[in-house]
Amino acid sequence: MTETYGVSVQVHVRQIVAPIGAGEARIPALVRLSDERLFLLYDERPAPASGTGADFNGLTMASDLPNPNQIRWMERNARGEWSDPHPLPEGAPPVSSDACVGVDGDGVMHLAFASSEGAVGYMDSRADGERLRAWWAWGSGPGDLVYADMTDALYEATGADALFATSGSTASVDGAVAMPYVVRVGERTHVQVVYARGGRIVSLADPLVGPDGILLDETSVTVWDGRVVANCRLQGFEGRGSGARYLAWGDGLRWEDGCLWELEDPGCNACTSQSIFVHPHARDARSDGLLAQLSAPWEGPIRLRRLVSMGRGPFGYSDISDYGYEVVVVFERERGLWAASCFPERW
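What counts, and where the lines are drawn
Residues numbered from 1 in each chain as written. Predicted model: local features only at pLDDT ≥ 70, side-chain atom pairs only at ≥ 80, totals over all residues. Heavy atoms only, no water. Core = buried A, V, L, I, M, F, W, Y, C linked by side-chain atoms within 4.5 Å. Buried < 20%, exposed > 50% of the residue type's maximum accessible area, 1.4 Å probe, protein only. Helix = DSSP H or I, 4+ residues; strand = E, 2+ residues; numbered from the N terminus. Contact = heavy atoms within 4.5 Å. Phe/Tyr/Trp six-rings, centres within 6.5 Å; stacked < 30°, edge-to-face > 60°. Lys NZ or Arg CZ within 6 Å of the ring centre and 35° of its normal. Polar contact = N/O pair within 3.5 Å; in protein donor to acceptor, adjacent residues only side chain to side chain. Pairing = 2+ DSSP bridges. pLDDT = per-residue confidence, 0-100.

**What about the nonpolar core?**
When a protein is soluble and globular, its nonpolar side chains tend to lie buried together. Core analysis: the largest hydrophobic core is formed by 24 residues, its most contacted members being Ala 112, Trp 136, Leu 154, Leu 163, Met 179 and Tyr 181. Those elements that place two or more of their residues in this core are β8 (109–115), β9 (133–141), α2 (151–158), β11 (162–165), β14 (176–185) and β15 (188–197). Looking at this core, the element that brings in the most residues is β14, giving 5 residues. Ignoring any residue separated from it by four or fewer positions in sequence, one finds Leu 154 in contact with Ala 134, Trp 136, Leu 163, Tyr 181, Val 194 and Ile 201. Judged by nonpolar contacts, the second largest core, of 19 residues, contains Met 109, Phe 113, Leu 145 and Tyr 147.

This is the structure:
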């Protein structure tokens, strides 16, 4: 069941990935290649051997991430049908994080993820000790990838004690893939966008720091009216009701300004494609998925125009692919992944 708000939209919602046993399928990332093929990458997570979260895996990455998880991928054809899931090509290390994915100006797909072969995770990673490892992969698509351990290069470039690429798809800026990383230096946390092209680091944006001691977490990046816009989750709420997000904008390397935006938000990743925004529109639960259009934050207080409701059910991590005549949203629900295809007459 879907609702629209004064906009003529056809919407189709269906499950596309079911959980295996007591496990989960989580953290979708959509990427459209230069030849217009659309791919979904996601986490396939087994059920913990005992307990939940940190009871099972100690400090390995996030407290809710049992190891070993796998990144799987699927392709959507022209009829809107999804293929069976495929594993990443051989050569990947043990995966301990979500997928961050984008395409550079030469049509090369870049995938960033973290790896941890021991118990070390984000909170106990140290620049001069055992570290959460940072990996990149790149190629013509998710079935054709070359892998590289980028740990030393990224820790040196950012001065981090710990870092991980945030989940979901990301934008291309001046031909380079804008990969937003959550970076911890000592006890302080910020977001830093790392730009990649052809499997190389080409530049880094200035650190993006939240106001008044607020720590920033998963961040989506989009290009909107000639500006690079970061839409940031506030760190530490984990679905318990953050009630706000932080938006910043600039030229891609320097942040011109930012604002704290109060709205119904439980603390979750969310994605922005120019002015189109999708997130769980509830304060105390990851539910009530909403596709909306935002006013430009540099023009004054942000106004949210509701376009399509995904219903009152669960709505967790999500991603969006906007192709003009169709908007595809993939989101978490009931330990699996669901897809919504929206065909607007206009926004």
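Don't stop here, the text continues.
**A word on the packing of aromatic side chains**
Under the counting rule described, the total for this entry stands at 5 aromatic pairs. Geometrically, the ring pair formed by Phe 39 and Trp 73 is edge-to-face, given 5.6 Å between the ring centres and 65 degrees between the ring planes. Here Phe 39 is found in strand β4 (residues 38–45), whereas its partner Trp 73 is found in strand β5 (residues 70–76), with 34 residues between them in sequence. Each member of the pair Phe 39 and Trp 73 is classed as buried. Joined through ring pairs, the aromatic side chains of Trp 224, Trp 249 and Trp 298 make up one cluster. Geometry around Tyr 317 places Arg 26 over its ring, the cationic atom sitting 5.2 Å from the centre. Sitting over the ring of Trp 338, Arg 333 keeps its end group 5.6 Å from the ring centre.

**A word on the side chain of Asp 98**
For Asp 98, the position within the fold is in the loop between β6 (86–87) and β7 (100–103). The exposure class assigned to Asp 98 is buried, which follows from its relative accessible area of 13%. Here the side chain of Asp 98 touches Arg 45 through a polar contact of 3.3 Å, side chain to side chain. Discounting residues that sit within four places of it in the chain, Asp 98 has contacts with Ile 27, Asp 43, Arg 45, Ile 71, Ala 112, Phe 113, Ser 167 and Glu 218.

**Considering the environment of Gly 107**
Tracing the sequence through the fold places Gly 107 in the loop between β7 and β8. Owing to a relative accessible area of 17%, Gly 107 belongs among the buried residues under this scheme.

**Section: the sheet that holds strand β12 (residues 168–169)**
Within the open sheet, the 5 strands sit side by side as β10-β9-β8-β7-β12. Their pairing is mixed. Looking at the sheet topology across the chains shown, the edges are occupied by β10 (144–149) and β12.

**So, the confidence of the model for the chain**
In this model, the chain carries an average pLDDT of 88, and 88% of its residues clear a pLDDT of 70 or more. Here residues 53–61 scores under 50 on pLDDT; set against residues more than four positions off or in separate chains, the count is 32 contacts.

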